[in-house]
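One-letter residues, chain by chain:
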Amino acid sequence: MSSLIHHGFGRIVVVVDQQAYQHTQDTIWPAVLHLLNTASTAEENWEERLEQAMAIENGSNIHNDETPTSIPPLCIIQSTQINLIALDTARNVPKQTLVALERVLFPERGNTASANATVVEIDPEEKSRRRRLRRDNEYAWLGTSREEHPYKYLYLTEPDTLLMTKPYALEQFKSLLDQGRVLSPHRLQPIPHEYDLMMKDETIGGKKLRLDPNPTLYVPAVGNWSRVIDMDPVDTICCDGGLDSVAHLRHEKCGGSVWWQCGFGTRATFDKRNATFRHQLNNATLRNQELVHGHRRFLDYQFVRFREGSRIIHLAGGGHGRQCRPQAAVDGPCRKD
């Protein structure tokens, strides 16, 4: 959420499963808001604005058809509203989220009836209840009524994804969206790498490697994998490599695992390897030959690391294997191959 606040999103709605809502609201949500508020340059009157936002939920407002009866926990950090909503998302979280939001923005789509449908008269009390429910949903999702909300575009993401864009690109995004385009960010896949295990040793004034006893838990820094491209979030771009760049498809599948997990093994599977390989652990060359063979699906991929943020190493490509080509922004826009 910090990355969304940083990019100036007007409102963030966090969707959780109905069964986990109470625990999330009571235990997790306060900690999340505290961390976000601590990590950002929050407005000085943050606590006051939060208290005002929560007043409706606490019953200090008179309820009528124009006022929501309840609002989930709301927080305002900088100019971004953050809200928590519970849905029955047992089937597909992103799909259920879009369906629920569509019902709020376009309620008329669910009111179409066939010519042969029987019209049932609804009593006034039920009509009033439905109006309040619709109003609650509108305020929970949009912070105001459907007719008054200021938002034009929707960004759907997941909790393990950080949004990284260049500040000067936001105006270009808006221009493309205004043309009716749909924009999809290129998702880079984090990969456990040997360099991520580097730790600074103040006693020797440099860095040393903190090796895990199980070398199958990370990619070894050998050959091309020892060259990690350092990417500046502002001065570097990563150009889409196209469908032909899905290099891992040249290799066989590895059972039920996701393709990029194929070369990693748990400590249990490592211990089950033959005795010869266990003796080879003391021989770096032989050890790395075995590990490189296990990670052979990465041979045609580059590894990158951003200079800001978590600085963990990623594939120059997404979880489905589609690559991107890192290049300096001064070299011009991405080529359309």
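Refer to the preceding data block for the structure.
Notes on the structure in this doc start here. (Residues numbered from 1 in each chain as written. Predicted model: local features only at pLDDT ≥ 70, side-chain atom pairs only at ≥ 80, totals over all residues. Heavy atoms only, no water.)

## A few points about the sheet that holds strand β9 (residues 313-315)
- A sheet is described by the order of its strands in space; here three strands give the open sequence β6-β8-β9, paired in mixed fashion. Of all the strands in the sheet, the pair left with one neighbour each is β6 (228-231) and β9. Across this sheet, the average inter-strand angle for adjacent strands is 35°, counted without regard to direction.
- As paired strands, β6 and strand β8 (residues 303-306) are joined by four bridges and run parallel to one another. Counted as the bridge partner of valine 228 is phenylalanine 303 from β8. (Pairing = 2+ DSSP bridges. Helix = DSSP H or I, 4+ residues; strand = E, 2+ residues; numbered from the N terminus. Axes fitted to C-alpha atoms, helices over the stretch in contact; angles between N-to-C directions.)

## Concerning the packing of aromatic side chains
- A full pass over the atoms with the stated rule returns four aromatic pairs.
- Judged by centre distance (5.6 Å) and plane angle (55°), the ring pair of phenylalanine 9 and tyrosine 155 falls under tilted. Here phenylalanine 9, found in the loop between α1 (2-6) and β1 (11-17), pairs with tyrosine 155, found in the loop between α5 (124-142) and α6 (170-178); they are 146 residues apart in sequence, far enough to count as distant.
- Ring pairing ties together the aromatic residues Trp259, Phe298, Tyr301 and Phe303, which thus form one cluster. (Phe/Tyr/Trp six-rings, centres within 6.5 Å; stacked < 30°, edge-to-face > 60°.)

## Quick word on the pattern of salt bridges
- All told, the structure shown has 15 salt bridges when counted by the stated rule.
- A salt bridge links arginine 307 to aspartate 230; the shortest N-O distance between them is 3.3 Å. Placement of arginine 307 in the loop between β8 and β9 and of aspartate 230 in strand β6 is noted, with a sequence separation of 77 residues between them.
- Owing to a relative accessible area of 45%, arginine 307 belongs among the partly exposed residues under this scheme.
- With a closest N to O distance of 2.2 Å, glutamate 252 and arginine 296 form a salt bridge. Here glutamate 252 is found in the loop between β7 (236-240) and α7 (267-271), whereas its partner arginine 296 is found in the loop between α9 (284-294) and β8, with 44 residues between them in sequence.
- Glutamate 252 gets classed as partly exposed once you look at its relative accessible area, which sits at 44%.
- When salt bridges that share partners are traced, they join Arg134, Arg135, Glu138, Arg146 and Glu147 into one network. (Salt bridge = Lys/Arg side-chain N within 4 Å of Asp/Glu carboxyl O. Buried < 20%, exposed > 50% of the residue type's maximum accessible area, 1.4 Å probe, protein only.)

## Considerations on the state of the cysteines
- Tallied over the entire structure, the rule returns three disulfides.
- Between the sulfur atoms of cysteine 254 and its disulfide partner cysteine 262 the distance amounts to 1.8 Å. Where cysteine 254 bonds to cysteine 262 through sulfur, the torsion about that S-S bond is close to -65°, and the disulfide is left-handed.
- Given a relative accessible area of 26%, cysteine 254 falls into the partly exposed group. (Disulfide = S-S within 2.5 Å.)

## Quick notes on the environment of threonine 144
- Tracing the chain through its elements places threonine 144 in the loop between α5 and α6.
- For threonine 144, a relative accessible area of 15% gives the class buried.
- Look past the residues within four positions of threonine 144 in its chain and what remains in contact with it is Glu138, Tyr139 and His149.
- Only 3.0 Å separates the side chain of threonine 144 from the side chain of glutamate 148, close enough to count as a polar contact. (Contact = heavy atoms within 4.5 Å. Polar contact = N/O pair within 3.5 Å; in protein donor to acceptor, adjacent residues only side chain to side chain.)

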